[in-house]
Amino acid sequence: MDSNGTDVAVAAKPKVKKLKPARKQVKPGEVEKVETPQTGKEYNIWYNKWAGGDREDSYSNKVKSQTRCNIKRDSGLTRANTTGMKYCCLFYARGCCPYGWECEYRHTLPDPNDTLPDSSKDCFARDKFADYRDDMGGVGSFNRQNRTLYVGRIKETGNGLETEEVVMRHFKEFGEIERDDSQSTYAVKVLQYRSVAFVTYKHEIHAQFAKEAMACQSLDNDEILNVRWATEDPNPVQKVAEKRRLEEMGQEVIKAKMDPRIVDAMRAVRALEDGDVLDEDGIEVVDQGVGREAEGGQPTSKRRKVEQDEEEEESPPSQEPSQPTGLLSADTLEGLKYFAQIRQRNGIMSEQPRARPTAAPTGLNLADYGSDDD
């Protein structure tokens, strides 16, 4: 209400959801550490398994995870929000961080708008490698941006669409899933009767988080998921679309770092060269009479420029004097002709007469041979 006693409508401010301190997901000692049964003679720290055992032992010996991350319940503020740490807690993603608000890493989903300090590390501050592991597990590679996860050993329920809905319901909690033109409108593909699914996220950091959060978890049934990185899609259409997407991302990053005044100046110069008209916001004004002559019968500047280019293309190229294609240039040949004329003028023959060769003797050459000669 103002001073005159009339009611004044006040615009309501949007409510900003404030995070509460992160809770401790587990108590110390609550999670039982189960050692991997020995199936070989040597333990490979790179692949995190015993070497020399059967190939299926690494999957059959997997144990279902005892904890699982719940984003709505477990997200909160930690010390990382005050220290400026950008990386997420790995144990928070697995649902077993005992520190809660005292953790030095973030207990929230990674924000794609926040640029990580080092692009060679994932969202958990683990170093990436140049190549993927043979089993496509581990941290991943920094040579390719991978947003697709391979989800194996799922139990299919019903047809393919029902299984896609189950997979999407469990994986969309950890990030935004890419849209496509499929029937479900989400980039979740299930290979029916093969117990395999592929999930494509919109951002790579969400795929990194979901890979750790859903490892050794289960869907609606009592299965143990095998989550790995997906190999590159061999479809050429998808390769072109991915290349175009990366180029657009690069252009957006460059535009964000450039001074907007420089961008406006370059746009104005280009419009002046092309004869376009820009409005106050720097947007090109599209005239409905483009391509037709302006009022008064005179073509527009852009039309004139196009006509001039067409005339230049139609006009035959000017004939230049042919130049010799040999080893000597035209100037050298002219100089040689000049010196030849001088020699002829002075009476000096350019060519000397050659001596006539003597005839070869015939016969056995006995006429010139004397009896007294040796």
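All of these numbers come straight from a predicted model, not from anything done at the bench.

The subject of this paragraph is the overall build of the chain. Counting its regular elements, the chain contains 10 helices and six strands. Pairs at least 24 apart in sequence give 62% of the contacts found in the chain among residues at least 6 apart. As presented, the chain carries roughly 28400 Å² of accessible surface, and 51% of it is formed by carbon and sulfur atoms.

One open sheet holds the four strands; their spatial order is E4-E5-E3-E6, and the pairing between them is antiparallel. Across the chains shown, the open sheet's two edge strands, defined by having one partner strand only, are strand E4 (188-191) and strand E6 (226-229). Strand-to-strand twist of the sheet, defined as the mean angle between neighbouring strand axes without regard to direction, takes the value 20 degrees. The pairing of strand E3 (residues 148-152) with strand E5 (residues 196-200) spans five bridges and is classified as antiparallel. In the strand pairing of E5, Tyr150 is matched with Phe198. Set on the sheet, helix H5 (residues 160-171) makes contact with E3, E4 and E5; between it and E4 the angle comes to about 130 degrees. Packing against the sheet, helix H6 (residues 204-213) makes contact with E3 and E6, and its axis sits at approximately 150 degrees to E6.

On to the pairing of E4. Burial along E4 is one-sided: the residues Val188 and Val190 are buried and none of Lys189 and Leu191 is. Here E4 folds back onto E5, and the loop between the two strands holds four residues, one of which, Tyr193, carries a positive phi near 70 degrees.

Before going further, it helps to spend a moment on H5. Helical geometry: 3.6 residues make up each α-helical turn, so side chains three or four residues apart lie on a common side. End to end, H5 covers 16 Å across 12 residues, agreeing with the expected 16 Å (1.5 Å per residue, within 8%). Restricting attention to buried positions, one finds in H5 the residues Gly160, Thr163, Glu164, Val166, Val167, Met168, His170 and Phe171. Lining the buried residues of H5 we find E3, E4, E5 and H6.

Bringing unusual backbone geometry into the picture now. Non-glycine residue Ser195 carries a positive phi angle of around 60 degrees. Note that Ser195 resides in the loop between E4 and E5. Its relative accessible area of 27% is what places Ser195 among the partly exposed residues. Phi at Cys216 is positive, roughly 60 degrees, even though this residue is not glycine. Structurally, the position occupied by Cys216 is in the loop between H6 and E6.

Glancing now at the pattern of salt bridges. Tallied over the full model, the rule gives 17 salt bridges. For Glu176, the salt bridge is made with Lys202, and the minimal N-O distance between the two is 3.8 Å. Pair noted here: Glu176 is in the loop between H5 and E4 and Lys202 is in the loop between E5 and H6, with a separation of 26 residues, a long-range link. What emerges from the salt-bridge pattern is a single network uniting Arg94, Asp122, Arg126 and Glu212.

With that out of the way, let us pick up the nonpolar core. Residues Phe171 and Tyr201 are the most contacted members of the largest nonpolar core, which totals 36 residues. Put simply, the parts of the chain that give this core at least two residues each are helix H4 (90-94), E3, H5, E4, E5, H6 and E6. The residues touching Tyr201, leaving out its near neighbours within four places in the chain, are Arg147, Leu149, Phe171, Phe174, Gly175, Glu176, Ile177, Glu178, His206, Ala207 and Ala210.

Conventions adopted
- Residues numbered from 1 in each chain as written.
- Predicted model: local features only at pLDDT ≥ 70, side-chain atom pairs only at ≥ 80, totals over all residues.
- Heavy atoms only, no water.
- Helix = DSSP H or I, 4+ residues; strand = E, 2+ residues; numbered from the N terminus.
- Contact = heavy atoms within 4.5 Å.
- Areas by Shrake-Rupley, 256 points an atom, 1.4 Å probe, with all protein chains shown as cover.
- Pairing = 2+ DSSP bridges.
- Axes fitted to C-alpha atoms, helices over the stretch in contact; angles between N-to-C directions.
- Buried < 20%, exposed > 50% of the residue type's maximum accessible area, 1.4 Å probe, protein only.
- Expected span 1.5 Å × (residues − 1).
- Salt bridge = Lys/Arg side-chain N within 4 Å of Asp/Glu carboxyl O.
- Core = buried A, V, L, I, M, F, W, Y, C linked by side-chain atoms within 4.5 Å.

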